[in-house]
Structures are given as C-alpha cells and as structure tokens.
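Residue strings, one per chain:
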Amino acid sequence: MTDDVLVQSPEIEAAVADASKRAAFALESCRGVGYRDRWRALTDAIAAGGDAEGLGPVTREVAALEGVGRAGVGAGLTYALTSQRFGLQAPLRSILTPGQWRALGDVEGGAALLCHALTEEGGGSDPLSMATRAEPLADGGYVLTGRKAYVTAAPVADTALVFARTSEGGHPFVLTPFLVDLSAPGVSRSEPFAKTALVEVPMGALDFDRVRLGPRTLVGREGAGLAVLNATTAWERALLPAYALGPMRRVLDRTVEWARTRRHFGRRMGESHLVAARVADMALALMRSRRLVYAMAARLDAGESPAAVGVEAALTKISVAEDHQAFTRWAAMLGGARSFVEESGLTADLATPMAASVYAGPDDLLRVSVARGLGLPVEN
C-alpha cells in the first residue's frame, strides 16, 4: 500500500525498513531453535542498525523494534524485546553502579536476560501489599523469602529485579529492590504458564526460599523500591506500546490487500463504502499510535526525564492500547471466518491487544493518575 499517509519522517521510515529486513533474515535463520537463541539473533538484528542517521538513541530503538514487528516476529517476542530494553535496561543503566551493570553480563547484546519481579498472587497494582520479605544480615546482606507470580521471561531469565518488603507498615520506604541471580541456591522457577496472549514469550513464577543476597545486590539504597518502580514503569508506559506498531502495520497491509482483491456481491470488497471506512479507521488508529509513541521517544531523546512526561506517558499507553483493540476488532470483522482460522493469512489475535490494558499498570488506574496530574483531588 502507499506509505505516504503513515510516514513519520524519512529517517524513521528508513530505520524501520532496515530493521525489518535484518529481523526477517534473523527470523528465517533461527527457525526451530529455542527462545534464547531467537532472542540473541533478534537482539543482534536490532543492534546491527548502529547509529541511524538523524535519529536519537531512543527513537532509533523504537524504529528498530517497530521493524522487528513488521518483519513478522510474533507480538509476544516483540513485546518482550521492547519491555527488556525500555522497562529494564534503560532505567537500570542510570540507577545501577558501573560494577552492578557489568555484573549483569551482556544484556544489551542479548547474551544475558533480565526479568522484572514485582507482582504477587495477592497483588500487582498495589505493591505495598506484597508479602515477599528481605531480612537484613549483619554483613550488610539480606535473606530473601517469598514468591513472585506472572513474571514475563521468568522461566528463561538470568537475573531478576526483585522487589521485597524490608520494613513494616505502608509508608513509601517499605520496599527495596534487589538484583537476584536466578541460579542462586534457594531460587526455583515454575513451568511456563499456559497463556492466551503474548504467547511467544514465556511467563512464570519465581520462588525464593531463604536466598542469601550480598550487599552489592541492593539497587540504590534500602527503601528505594517505589522510586525504582516509578522509574521502570515511567519508561514502560511511555515506550512499551512501541511493540504494537509493527504488527499493526502488517495487519493493515494484509487487510488492504484482502479488501482490494476479495470479490463478493459482484464487486471487490473494497468498493464498499463501509469497508473503505473501516480500513480508514484502522489507518487512523495506526497513525495516531505511531505519532504518540514517536513523540514520547523524541522527548526522551531531548533530555526530558521519564518522570517529567508521566501523565503524557499514561495517556499514550491508554490511547495505543484502546486503538490496538479497536484496530484488531475491525480487522477481524473484515476478515470474516478466516480471522478465526490458523494459517488462513487473516488470523486475528484479539487477546494480545486486550492484554495491553493490563500490563504496566491497568488502564483504569492510569486514568486516576492522569486525573490527579490534571489537579483533581482523587485518591490513589
């Protein structure tokens, strides 16, 4: 289809196209291999783009990840790559000491893999309700006990950013973050959960049975849990929606082709005004989503802190999630029965866009944050 109506800038479009070609080659070359091998191949494909001309580092990463999705990499794996780079690597790079960052291994090159262990069976959006505890030791270390659930990449990660309670009560300094080696004694992992959305990335639980943590595993200082959590979620809300842009474009392109060539009632389907309007609505949703995400990237490239764009990041996350859901629903309606048949070429994944309203903070809770940012006296 003609790209003109969806163009961001020539530099961005060139970076997306370049990353898409590299990701398609990587995808073809690693068929039949395990998750970690696919992860490494795609990470290499993203890194191979180097310094895309005229783009800041955040915008360049967003364009590369859009290209990965446009190449046909599954939404779950594209989501995981995006979350790893913006929800973990970006905030931790500025929080960790140089020694802590080096100790993680080659996370940027894909040889080492992180996971974010916050949620528990008894609470996710209410972190102060967590039961996982870290008891202090005389040598400055801690003993970690508890269970984290619904952790993306838990079955395959090397290191977890784990949040644990280090004092009683509900004040802002009861939680502390730690870097936990998942091969350490006392750590165990569940089998991957059977999921209905983002199925290409494994999710599981982590159990900590009196795991001894050295002083250097502490992220920041004791009691910094909410501050670190705010940093990781600010990055995620601003840029995690980037994972949806590539898959949305693939769906739009195939829907346009289907409507151009499919014949019924004696004419091509795309000659129907109603069909044409639905395709235009899909293009509008994608255009709006791209502009919001790339605007967030540009502001971060310009030096604004993720905390400073918190309200706009929440609005971006809500908007892209809702557009992605509506976009996919329209595509499914236009595809008819083929939307619900695997390998039909028009299969619609309705569950994954719905998941966007839950991860990185439920959208309804983000609406409360937006209202508070606008000055309403709404309670947390």
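Quantities reported herein were computed from a predicted structural model and do not represent experimental measurements. (Residues numbered from 1 in each chain as written. Predicted model: local features only at pLDDT ≥ 70, side-chain atom pairs only at ≥ 80, totals over all residues. Heavy atoms only, no water.)

Let's talk about the packing of helix 2 (residues 35-47) against helix 4 (residues 75-95)
Between helix 2 and helix 4, the shortest axis-to-axis distance is 11 Å and the interhelical angle comes to 65°. In the crossing of helix 2 with helix 4, the sense of the turn from one axis to the other is right-handed. Between helix 2 and helix 4, the residues in contact are Tyr35, Arg38, Trp39, Leu42, Thr43 and Ile46 and Leu77, Ala80, Leu81, Gln84 and Arg85, respectively. (Axes fitted to C-alpha atoms, helices over the stretch in contact; angles between N-to-C directions. Helix = DSSP H or I, 4+ residues; strand = E, 2+ residues; numbered from the N terminus. Left-handed = near helix turned anticlockwise from the far one by under 90°. Contact = heavy atoms within 4.5 Å.)

Observations regarding helix 3 (residues 57-70)
An ideal rise of 1.5 Å per residue puts 20 Å on 14 residues; helix 3 measures up with 20 Å between its terminal C-alpha atoms. In terms of burial, helix 3 is largely enclosed, as 11 of its 14 residues are buried. Of the surrounding secondary structure, the elements contacted by the buried residues of helix 3 are helix 1 (10-29), helix 2, helix 4, helix 6 (225-239), helix 7 (245-261) and helix 8 (273-301). Two residues or fewer after helix 3 comes Gly72, characterised by a positive phi angle close to 105°. (Expected span 1.5 Å × (residues − 1). Buried < 20%, exposed > 50% of the residue type's maximum accessible area, 1.4 Å probe, protein only.)

Quick look at the packing of aromatic side chains
According to the stated counting rule, one finds seven aromatic pairs in the structure shown. On the numbers, 6.4 Å between centres and 5° between planes, the contact of Phe86 with Trp235 is stacked. With Phe86 in helix 4 and Trp235 in helix 6, this residue pair connects regions lying 149 residues apart in the sequence. Seen in terms of ring centroids, Tyr243 and Tyr359 are 6.2 Å apart; in terms of plane orientation they differ by 65°. Their pairing is edge-to-face. Remark: Tyr359 occurs in the loop between helix 10 (351-355) and helix 11 (363-373) and Tyr243 occurs in the loop between helix 6 and helix 7; sequence separation between them is 116 residues. Here Tyr243 matches Tyr359 in class, with each residue buried. Ring-pair connections join several aromatic residues into one group, and the members of that group are Tyr79, Tyr243 and Tyr359. (Phe/Tyr/Trp six-rings, centres within 6.5 Å; stacked < 30°, edge-to-face > 60°.)

Some details on the side chain of Ser289
Within the secondary structure layout, Ser289 lies in helix 8. Once residues within four sequence positions are removed from consideration, Ser289 is found in contact with Leu245, Met248, Val320 and Asp323.

A word on the pattern of salt bridges
Taken as a whole, this structure holds 23 salt bridges when the rule is applied. The closest approach of N and O atoms between Glu135 and Arg133, which form a salt bridge, is 3.0 Å. The structure contains a network of salt bridges with shared partners spanning Glu13, Glu66, Arg70 and Arg290. (Salt bridge = Lys/Arg side-chain N within 4 Å of Asp/Glu carboxyl O.)

Re the environment of Thr43
Here Thr43 lies in helix 2. C-alpha separation for the pair Thr43 and Glu108, spaced 65 residues apart in sequence, amounts to 7.7 Å. In this structure Thr43 touches Leu81, Arg85, Glu108, Gly109 and Gly110, once residues within four positions along its chain are discounted.

Some details on the environment of Gly220
For Gly220, the location among the structural elements is in the loop between strand 7 (203-213) and helix 6. Assessed through its relative accessible area of 51%, Gly220 is described here as exposed. For the pair Gly220 and Val68, spaced 152 residues apart in sequence, the C-alpha separation works out to 33 Å.

Structural notes on the layout of surface pockets
Empty space among the atoms can be located by rolling a probe the size of a water molecule over them. Put simply, the second largest pocket is a space of about 1000 Å³. Gly74, Ala75, Glu200, Thr347 and Asp349 are the residues nearest the centre of the second largest pocket, which is lined by 31 residues in total. At five residues, the largest contribution of residues to the lining of the second largest pocket is made by helix 7. Considering only residue class, the lining of the second largest pocket consists of 14 nonpolar, nine polar and eight charged. (1 Å grid on protein atoms, 1.4 Å probe; cavity = no way out; pocket = protein on both sides within 12 Å on 5 of 7 lines; lining within 4 Å. Points joined across faces, edges and corners; volume = space filled by probe spheres on them. Nonpolar A, V, L, I, M, F, W, Y, C, P; charged D, E, K, R; others polar.)

Brief notes about the nonpolar core
Note that soluble globular proteins tend to have their nonpolar side chains buried in a common cluster. Core analysis: the biggest nonpolar cluster contains 98 residues, and Leu144, Leu206, Phe208, Leu239, Leu252 and Tyr359 have the highest contact counts within it. If one sorts the elements of this core by residue count, helix 8 sits on top with 11 residues. Not counting the four nearest positions on each side in its chain, Phe208 is found in contact with Leu144, Thr145, Gly146, Lys148, Val162, Val180, Leu182, Gly186 and Val187. Leu92, Leu96, Trp101 and Leu229 belong to the second-largest nonpolar core, a separate cluster that totals 19 residues. (Core = buried A, V, L, I, M, F, W, Y, C linked by side-chain atoms within 4.5 Å.)

Overview of helix 8
Given a rise of 1.5 Å per residue, 29 residues ought to cover 42 Å, and the 42 Å separating the end C-alpha atoms of helix 8 matches this to within 8%. Looking at where helix 8 begins, the residue whose side-chain oxygen comes 3.2 Å from the main-chain nitrogen of Leu274 is Ser272. Positive backbone phi, approximately 105°, marks Gly303, located one or two places after helix 8. (Polar contact = N/O pair within 3.5 Å; in protein donor to acceptor, adjacent residues only side chain to side chain.)

Regarding unusual backbone geometry
We note that Arg210 has phi near 50°; this positive angle belongs to a residue other than glycine. One can find Arg210 in strand 7. Of note, Ala360 is a non-glycine position whose phi angle comes to about 60°, a positive value. Tracing the chain through its elements places Ala360 in the loop between helix 10 and helix 11.

Describing the pairing of strand 5 (residues 175-181)
Across the seven residues that make up strand 5, a large majority, six, are buried. Here strand 4 (residues 159-165) pairs with strand 5 via seven bridges, running antiparallel. Paired with Leu161 across the strands is Leu179, a residue of strand 5. (Pairing = 2+ DSSP bridges.)

Here we look at the side chain of Thr176
Its place among the elements puts Thr176 in strand 5. A polar side-chain atom of Thr176 sits 2.8 Å from the main-chain amide nitrogen of Gly223. Discounting chain neighbours no more than four positions away, the residues touching Thr176 are Val162, Phe163, Ala164, Thr166, Leu218, Arg221, Glu222, Gly223 and Gly225.

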